[in-house]
Every structure is written in structure tokens, then in C-alpha cells.
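Per-entry structural report
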Amino acid sequence: MSDALWSGYQHREADADGWTTYWRLDPRGRDFRMIDWTGSPDRPGHRLWERAATPAGVRASWRTAASSVSLEIRASLGIYSVLGPLDVLVDGELHQRLEVRDGEQRLVADLPGRPVEVELWLPHSGVIAVRGLTFDSAAEPLAPTGPRWVTYGSSITQCTGAFGPSETWPAVVARKHGWDLVALGFAGECHLDPIAARTIRDIPARLISLCLGINIYGGETYSGRTLPGQVQAFVATVRDGHPKTPIVVITPLVAPHLEGKPNAVGLTLDDVRACVELGAQTDPAVQIIDGRTILTADEALALYVDDVHPGPEGYRLIGQRLAALLTLDA
């Protein structure tokens, strides 16, 4: 594993048996109790950190003429309902999707046996650790290329319901543009946490996008009094490390069955959108994308698997739409 140039993570942690966890937030020195759920027995603690230990968007590439590649994976559901697969890409196209089961396993993918670029995308759902990466002949690790893009959001950014880790909407956008993706989507956990803002602040990036609001609406995290200021503070922290980097804020996508319904603190989704926009626009350089323009209500009704989450085809379509909206100047 030491020879692989994995990207998209913030901290690599290996245990005594050689199993490596790729953390998308750095857990060192953090008091996990700071982000525990309290007073709600059906919501287990440490949810943000369990999401952060899932390697969504973590991947590595090699140039090789090998005829096979294998990787040991240790997987468990934890707080997830499904385990994501391992995606194997050859010359930028999906070559094989390997199912991941509960427990320890070795996954093997056949390769063309001629010089190609092989890319492995680790599972985007589940409690995942890896070790024992091998090719059956020489393989040269390839460093990430292209401008780095950091995107932050909720389950709709982590995309656990996508076909596979290379077909989440951030992966669709990054692969289309040739960008170096850092995917900070945390299912249920996009609550403007300071650790997330500081992490984004400290990652060199050419583009930053923040998908804000749906978890705040569902979790009743902030009121109309507090939400604009929290967005302002989050964006200001990010801006401290990126004085000239484009920052895009995306408000919640349309949710036909939830529109117009106040949550426990009295905010409708449109109220949340307005508060997010108000807070973000305190930075005049921030671009706002109205999430209601990404999918129509009819598309949402056809593609959502529940009141909030798209299915696999929905994530593909979101990626296609946002690929046209998220761009960099030459």
C-alpha cells in the first residue's frame, strides 16, 4: 500500500495488522464527544467521524501492463445500510465493479494485460479498511493531475445510493473535467462544523463548492436567527485559506414532498435556501447556484428513492448538470 499514491483523504491510519483507514477528516487530537448526538437514542454518536472514515472519493492510479490487480478489504456496515463496491477503471472508463461483502476479503480484477492506466476507487459507503494491494507485474503509481476541487455537503454529496464510487455526482464532475477531487460529503452530517471549515481552508484548491442546507433543514440545526451567521462564518473560515479561489455555494435541491413544510424551528426549505444565500453573499465573490435549478420537480419525483435522496440515475443526472455549472477559467 505504501507504493500507492492514494488521493482524496486527509489522514492515513494503519493498525498493527496493516489495515489502513483513509480518513477524509483528520481525527487526531479530536474529542469525538463534541459531535455526539444527545437526547435522541435513535441517532448514534460519532456519526460525523464514522462518515469521515469512509473513503468516498479516495482513489489511486497506476500505469501497468498487468493482467490482474488485487486488494484486501475489510468492510462492515456500521451505521450504513449498504456497502459500496470497489470500482476499477481502465483508461478512464469503468472496467469492473467488484462487490464488497461484510468481513475480510480479497478482491481480484482482471486487466487487459497491455499498457493502460488503471484507477481504483474505494467504496463510498461502509466502514472500510484496505491492505495488500498487488499487481501481477510491474505497476507505476501515478500522481493526481488536474486542478484540485474540494466539495462539501450531505448524503446527496456522499451519494451512498450511486451505482458505485466512480459514479457519485462529484466523481462524474471530476472525471469529466479531469479534476483532482476531494469529496467531503458526509451523510446526515453537513451542519457547518468548524472542523469541516478548517479542513477546507487548509487544502490547496482551485475550486471549492459547498452544498448547504438539506441536513440543516432535516436536523433542525439552526433557526432563521442563527443560520445566516453560521453560513457567513463557515464561508469566512474557508476564505481565510483561499483569498482568490472561486467558492460556489449550492442551496438545497428541490424536494417535492417537503416543499412548504416548516421544520421544528419553523423553517421551510425555501427559508433555508434564503438564509444560506444571505449568509454566503456576505462574501461578494461567492457564486450561488439555486439547487432548485439542477433538477425539476418532475425529475425529482421520477428519480428520488425517498423524499430527499436521488437514486443512481439521479446522481448521474446531477453530475451531468453540475459539470456544466462548475467550471474553471482557463
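A brief structural summary. Everything numeric here is computed off the predicted structure, so don't read it as measured data.

Tallied over the full model, the rule gives zero disulfides. No disulfide involves Cys 190; its sulfur sits 7.6 Å from that of Cys 211, the nearest cysteine.

Take helix H9 (residues 312-325) next. An ideal rise of 1.5 Å per residue puts 20 Å on 14 residues; H9 measures up with 20 Å between its terminal C-alpha atoms. Three or more residues of H9 are buried, namely Gly 314, Tyr 315, Leu 317, Ile 318, Gly 319, Leu 322 and Ala 323. For H9, the elements touching its buried residues are helix H2 (155-158), helix H3 (169-177), strand E14 (247-250), strand E15 (287-289) and helix H8 (297-303).

Here we take up the sheet that holds strand E10 (residues 139-142). As summarised here, the arrangement of the five strands in space is E6-E5-E8-E3-E10, forming an open sheet in which the pairing is antiparallel. Each end of this open sheet is capped by a strand with a single partner; those strands are strand E6 (93-98) and E10. Within the sheet, the average angular offset between the axes of one strand and its neighbour, ignoring direction, is 25°. For strand E5 (residues 86-90) and E6, the ladder comprises five bridges, and the chain directions are antiparallel. Residue pairing across strands places Asp 87 opposite Arg 97, the latter belonging to E6.

With that out of the way, let us pick up the nonpolar core. For soluble globular proteins, the rule of thumb is that nonpolar side chains tend to be buried together. In this structure, Tyr 152, Trp 169 and Leu 210 are the most contacted members of the largest nonpolar core, which totals 74 residues. Sequence-distant contacts of Trp 169, that is, excluding residues within four places in its chain, are made with Trp 149, Thr 151, Ile 156, Thr 157, Cys 159, Cys 211, Tyr 315, Ile 318, Gly 319, Leu 322 and Leu 326. Membership of the second largest hydrophobic core comes to 28 residues, among which are Val 90, Ile 128, Val 130 and Phe 135.

Moving on, we get to the side chain of His 11. Within the secondary structure layout, His 11 lies in strand E1 (residues 11-14). By relative accessible area, His 11 is classed as buried at 13%. Only 3.4 Å separates the side chain of His 11 from the side chain of Arg 28, close enough to count as a polar contact. Setting aside residues no more than four positions away along its own chain, His 11 makes contact with Thr 21, Tyr 22, Trp 23, Asp 26, Pro 27 and Arg 28.

Oppositely charged side chains are able to pair whenever their charged atoms sit close together. What the rule picks out here adds up to 19 salt bridges. Residue Arg 97 pairs with Glu 167 through a salt bridge whose shortest N-O separation is 2.8 Å. With Arg 97 in strand E6 and Glu 167 in the loop between H2 and H3, this pair connects stretches of sequence that are 70 residues apart. With a relative accessible area of 11%, Glu 167 lands in the buried category. A salt bridge links Asp 290 to Arg 292; the nearest nitrogen and oxygen atoms lie 2.7 Å apart. Residue classification places Arg 292 among the partly exposed positions, given a relative accessible area of 38%. Residues joined in a network through salt bridges with shared partners are Asp 87, Arg 97, Glu 167, Glu 313 and Arg 316.

Cut-offs used in this document
- Residues numbered from 1 in each chain as written.
- Predicted model: local features only at pLDDT ≥ 70, side-chain atom pairs only at ≥ 80, totals over all residues.
- Heavy atoms only, no water.
- Disulfide = S-S within 2.5 Å.
- Helix = DSSP H or I, 4+ residues; strand = E, 2+ residues; numbered from the N terminus.
- Expected span 1.5 Å × (residues − 1).
- Buried < 20%, exposed > 50% of the residue type's maximum accessible area, 1.4 Å probe, protein only.
- Contact = heavy atoms within 4.5 Å.
- Pairing = 2+ DSSP bridges.
- Axes fitted to C-alpha atoms, helices over the stretch in contact; angles between N-to-C directions.
- Core = buried A, V, L, I, M, F, W, Y, C linked by side-chain atoms within 4.5 Å.
- Polar contact = N/O pair within 3.5 Å; in protein donor to acceptor, adjacent residues only side chain to side chain.
- Salt bridge = Lys/Arg side-chain N within 4 Å of Asp/Glu carboxyl O.

Everything listed here is a matter of coordinates, which is why it stays silent on function.
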